[in-house]
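Survey of secondary and tertiary structure
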Amino acid sequence: MSLWEYANPVKFLRLSERVLPWLWGLAVLCLAGGLIWGFFGTPDDYRQGSTVKIIYIHVPAALMAINGWFMMLVASLVWLIRRHHVSALAAKAAAPVGVTMTLIALITGAVWGQPMWGTWWAWDPRLTSFLILFLFYLGYMALWSAIEDPDTAADLTSVLCLVGSVFAVLSRYAVNFWNQGLHQGASLSLDAEKNVADVFYHPLLLSIAGFVLLFLALVLYRTGTEIRVRRTRALRARQGSGAGQGAGAPQEGSA
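Attention here is on the structure that accompanies the text. (Residues numbered from 1 in each chain as written. Predicted model: local features only at pLDDT ≥ 70, side-chain atom pairs only at ≥ 80, totals over all residues. Heavy atoms only, no water.)

Re the overall build of the protein
- Tallying secondary structure elements over the protein gives six helices and zero strands in all.
- The secondary structure elements of the protein, listed N-terminal to C-terminal, are α-α-α-α-α-α.
- Here the protein, with 255 residues, has 39% of them falling under the buried criterion.
- For the protein, contacts bridging at least 24 residues in sequence account for 77% of all contacts bridging at least 6.
- Entry remark: accessible area of the protein is about 14,200 Å², with carbon and sulfur atoms responsible for 65%. (Helix = DSSP H or I, 4+ residues; strand = E, 2+ residues; numbered from the N terminus. Buried < 20%, exposed > 50% of the residue type's maximum accessible area, 1.4 Å probe, protein only. Contact = heavy atoms within 4.5 Å. Areas by Shrake-Rupley, 256 points an atom, 1.4 Å probe, with all protein chains shown as cover.)

The structure is reproduced here in structure tokens:
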């Protein structure tokens, strides 16, 4: 069985119908477990107090905001190379989810940083690149809405996705590129010494798993919706053209 088989809309819908109930269930379990454990089962930080617990929302949302754009990038490349409509619709479906994650990350970051920084916003490299990524998300969705022909919209939004990927990379690695700035280093790292303390680390991993599963469930659900909307429009267009041809045809004996 080839992965490309699921580029067929019918097979994709069948797969999503089987997988979605499991994704929803696991997402709820991981989110509930991670957030309850993190907010009520971990101590306050000696410097940041209870505000440190925003980490269980901020970090997973930020990760999904960035990786959501990379998922759109892969789907866009598949569309540009293979011309599979499901991939273009998957990228379109992921954008509202990604922009929501980006907005959550921006808001929770401001709430988390204000007590430590003394300001709600600073033109920090990571914050600025994240804001630009948010604007790219909005521009991507606006471009889809502005163009009537779906294939043309898919082409242009795929190019925009390629350009926006630069800022997705900057959002992820800005702290490594520039030493200046208020934003702290990565909360998760391959280097165990750079990770947050274990008491925060394990519930954070569970929260991240919940956000990943939630993102996948939402994207699958929205992709299925986009496929059905596209098929409905195509069917209406065929019915409209058929009715027009029938009305224009001369009836027997009318001459």
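Still to come is the rest of the account.
A closer look at the nonpolar core
- By size, the foremost hydrophobic cluster in this structure holds 34 residues, and its most contacted members are Trp-69, Met-72, Phe-130 and Tyr-140.
- Secondary structure elements with two or more residues in this core: helix H2 (55-82), helix H3 (85-117), helix H4 (125-146), helix H5 (150-177) and helix H6 (198-248).
- Considering every element that reaches this core, the biggest residue donor is H2, with ten residues.
- In this structure, Leu-20, Leu-23, Cys-30 and Leu-213 belong to the second largest nonpolar core, which totals twelve residues. (Core = buried A, V, L, I, M, F, W, Y, C linked by side-chain atoms within 4.5 Å.)

Considerations on the pattern of salt bridges
- With the rule as written, the count across this model stands at seven salt bridges.
- The salt bridge partner of Glu-226 is Lys-92, with a shortest N-O separation of 3.4 Å. Pair noted here: Glu-226 is in helix H6 and Lys-92 is in helix H3, with a separation of 134 residues, a long-range link.
- Linked through salt bridges whose partners overlap, the residues forming this network are Lys-92, Arg-222 and Glu-226. (Salt bridge = Lys/Arg side-chain N within 4 Å of Asp/Glu carboxyl O.)

Don't take any of this as a statement about function, it's just geometry.
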